[in-house]
Amino acid sequence: MSDLLSSPAQQPITEMLDAATVQSIADDVWTSLVGDGEVLVPLPVPAPEVTVSAWVQITGRWCGAVVVTCDEATAVALTECLLRARPPAVIEQEDVDDALGELANVLGGNVKSLLPELSSLGLPQTGPIPPASRPEDLCRVDAQWRGQSLTITVQGATPAPHTERNEVPQ
Amino acid sequence: MKILVTDDSRVMRQIVIRTLRQAGYDDHEIIQAQDGLEALQMVGSEKPDLVLSDWNMPEMTGLECLEALRAAGSQVPFGFVTSEGSPEMREKAANAGALFLIAKPFTEETFREALDGVLA
């Protein structure tokens, strides 16, 4: 996220969409991509200690990211569903990153379509969960899939530094 | 007929191919490209009858690929399968010469609606 800086006071995402809207998008994504009968239940369960995240950045009047976070085993299970893989199929780490990234990508594309201003979508990335900025610039869905924690956040980017403070003194 | 499926995500290519089969297009040959540049090259070498392409990809986007094809005189039928389905994106796609834009997430019914007129 270090290459994505928002303006110091961008309009908070919570003024443009709410958690119910994000959940609705996720419902469609789960039915279409994860599988018939697969449901993302909007009831939080305790978050795992170690998580993996995938996200896409949105750049425009509003700058931020759409992030999907779960534990590794859940990410592997999601990948198996997306690929309709059956045991003893071997799921490679590359496929897990790819699958989680595509979930973030499809969620991100649909979120972007709801923003009032034209913006652009970045390519999916995976890694440790990126930092959020202001709490009021964050829309969060804490849910569970197959009983395991899965979180979707639409979060504003880190505010841009004040350049006048960073100038080299004359 | 030969269909070129283009997406930088291998997982999404598999999903698109599976949906094509589920939608009834299971007697067509499917070939794959992982970005717009490879798709551009494969249109020349493989002569597909239809290109289904993601929009946002490294190396060359789907839109850049379509524009390069049309600039080179290729009129291969071209449709987008992308996570962004806003009116602005649809207008850009149509202006560049795309036949349709299927937004993700999609269903086999969405595929039929878009493809029946092309693959019939």
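Each remark here, short or long, concerns the structure printed above.
Novice: Let's hear about the environment of Phe100(B): which residues, and what values?
Specialist: Residues and elements named next belong to chain B. Its place among the elements puts Phe 100 in strand E5 (residues 100–103). Considering only alpha carbons, one finds Phe 100 and Gly 79, 21 residues apart in sequence, at a separation of 5.0 Å. Aside from chain neighbours lying at most four places away, what touches Phe 100 is Leu 52, Phe 78, Gly 79, Phe 80, Ala 114, Leu 115 and Val 118.

Novice: A description of the environment of Gln57(A) should follow, citing residues and the corresponding values.
Specialist: Mapped onto the elements, Gln57(A) comes out in strand E1 (residues 52–60). For the pair Gln57(A) and Pro124(A), spaced 67 residues apart in the sequence, the C-alpha separation amounts to 7.8 Å.

Novice: Explain helix H2 (residues 72–83) of chain A to me, using residue names and the numbers behind them.
Specialist: All names here are of chain A. Taking 1.5 Å per residue, twelve residues should reach 16 Å; H2 reaches 17 Å between its end C-alpha atoms and fits that length. Turning to H2, its buried residues number three or more, namely Thr 74, Ala 75, Ala 77, Leu 78, Thr 79, Cys 81, Leu 82 and Leu 83. A positive phi of about 50 degrees marks Arg 84, the residue just after H2.

Novice: Before we move on, could you go through empty space enclosed by the protein and cite the residues and values that matter?
Specialist: Residues and elements named next belong to chain B. If you walk through the whole model with that rule in mind, you get three cavities of 30 Å³ or more. Classifying every residue of the lining of the largest cavity by side-chain character gives three nonpolar, five polar and four charged. Its volume calculated, the second largest cavity comes out at about 40 Å³. Val 5, Thr 6, Asp 7, Val 16, Leu 52, Ser 53, Asp 54, Val 81 and Lys 104 together form the lining of the second largest cavity. Elements with a contribution of two residues or more to the lining of the second largest cavity: strand E1 (2–6) and strand E3 (50–53). Considered class by class, the residues forming the lining of the second largest cavity number four nonpolar, two polar and three charged.

Novice: Before we move on, could you go through the layout of surface pockets and cite the residues and values that matter?
Specialist: All names here are of chain B. The volume enclosed by the largest pocket comes to roughly 220 Å³. When residues of the lining of the largest pocket are assigned to their parent elements, the largest contribution, four residues, is made by helix H1 (residues 10–22). Within the lining of the largest pocket, the residues separate by chemical class into two nonpolar, six polar and four charged.

Novice: Can you break down the interface of chain A and chain B residue by residue, with the values?
Specialist: Listed as interface residues are 21 residues of chain A and, on the opposing side, 20 residues of chain B. Counting the surface lost from both chain A and chain B, the interface buries some 1,700 Å², and carbon and sulfur atoms represent 56% of this. Sorting the residues of chain A by area buried against chain B places Leu83(A), Glu102(A) and Leu123(A) first, and these three jointly supply 25% of that buried surface. Here chain A and chain B share three salt bridges between them. Taken together, chain A and chain B are joined by eleven residue pairs in polar contact (both at pLDDT 80 or more). Here the side of chain A that touches chain B takes ten residues from helix H3 (residues 93–114) of chain A, the largest share from any one element. Split by residue class, the side of chain A that touches chain B holds nine nonpolar, six polar and six charged.

Novice: Give me the lowdown on the sheet that holds strand E2 (residues 29–33) of chain B, citing residues and values where you can.
Specialist: Residues and elements named next belong to chain B. Ordered by their spatial adjacency, five strands build an open sheet running E2-E1-E3-E4-E5, and the pairing between neighbours is parallel. The outermost strands of the open sheet, each flanked by one partner alone, are E2 and E5. For this sheet the average axis-to-axis angle between neighbouring strands, irrespective of direction, equals 20 degrees. Most of the contacts of helix H3 (residues 62–71) go to strand E4 (residues 78–82), to which it runs at about 175 degrees, and overall it touches E3 and E4.

Novice: Run through the pattern of salt bridges, naming residues and quoting values.
Specialist: Scanning the model with the defined rule gives 13 salt bridges over all chains in all. One salt bridge in this structure joins Glu117(A) and Arg61(A), with 3.9 Å as the shortest N-O distance. Here the residue Glu117(A) occupies a position in the loop between H3 and strand E3 (119–121), and Arg61(A) occupies one in the loop between E1 and strand E2 (64–70), the gap between them amounting to 56 residues. Owing to a relative accessible area of 37%, Glu117(A) belongs among the partly exposed residues under this scheme. Note that Arg10(B) and Asp95(A) form a salt bridge whose closest N and O atoms lie 2.9 Å from each other. Of this pair, Arg10(B) sits in helix H1 while Asp95(A) sits in helix H3, each in a different chain. We classify Arg10(B) as partly exposed; its relative accessible area is 34%. When salt bridges that share partners are traced, they join Glu102(A), Asp7(B), Asp54(B) and Lys104(B) into one network.

Novice: So what's going on with unusual backbone geometry? Which residues, and what values?
Specialist: Look at the link from Lys104(B) to Pro105(B): it is a cis peptide, with omega at 0 degrees. Topologically, Pro105(B) is positioned in the loop between E5 and helix H5 (108–119).

Novice: Please set out the pairing of strand E5 (residues 138–145) of chain A residue by residue, giving values where relevant.
Specialist: Residues and elements named next belong to chain A. Relative to strand E6 (residues 148–156), E5 is paired through eight bridges, and the arrangement is antiparallel. The residue bridging Ala 143 from the neighbouring strand is Leu 150, located in E6. Connecting E5 to the antiparallel partner E6 that follows it, the hairpin turn spans two residues, and Arg 146 within it adopts a positive phi of roughly 50 degrees.

The rules behind each value
Residues numbered from 1 in each chain as written. Chains lettered and ligands numbered in written order. Predicted model: local features only at pLDDT ≥ 70, side-chain atom pairs only at ≥ 80, totals over all residues. Heavy atoms only, no water. Helix = DSSP H or I, 4+ residues; strand = E, 2+ residues; numbered from the N terminus. Contact = heavy atoms within 4.5 Å. Expected span 1.5 Å × (residues − 1). Buried < 20%, exposed > 50% of the residue type's maximum accessible area, 1.4 Å probe, protein only. 1 Å grid on protein atoms, 1.4 Å probe; cavity = no way out; pocket = protein on both sides within 12 Å on 5 of 7 lines; lining within 4 Å. Points joined across faces, edges and corners; volume = space filled by probe spheres on them. Nonpolar A, V, L, I, M, F, W, Y, C, P; charged D, E, K, R; others polar. Buried area = accessible area lost by both parts, 1.4 Å probe. Salt bridge = Lys/Arg side-chain N within 4 Å of Asp/Glu carboxyl O. Polar contact = N/O pair within 3.5 Å; in protein donor to acceptor, adjacent residues only side chain to side chain. Pairing = 2+ DSSP bridges. Axes fitted to C-alpha atoms, helices over the stretch in contact; angles between N-to-C directions.

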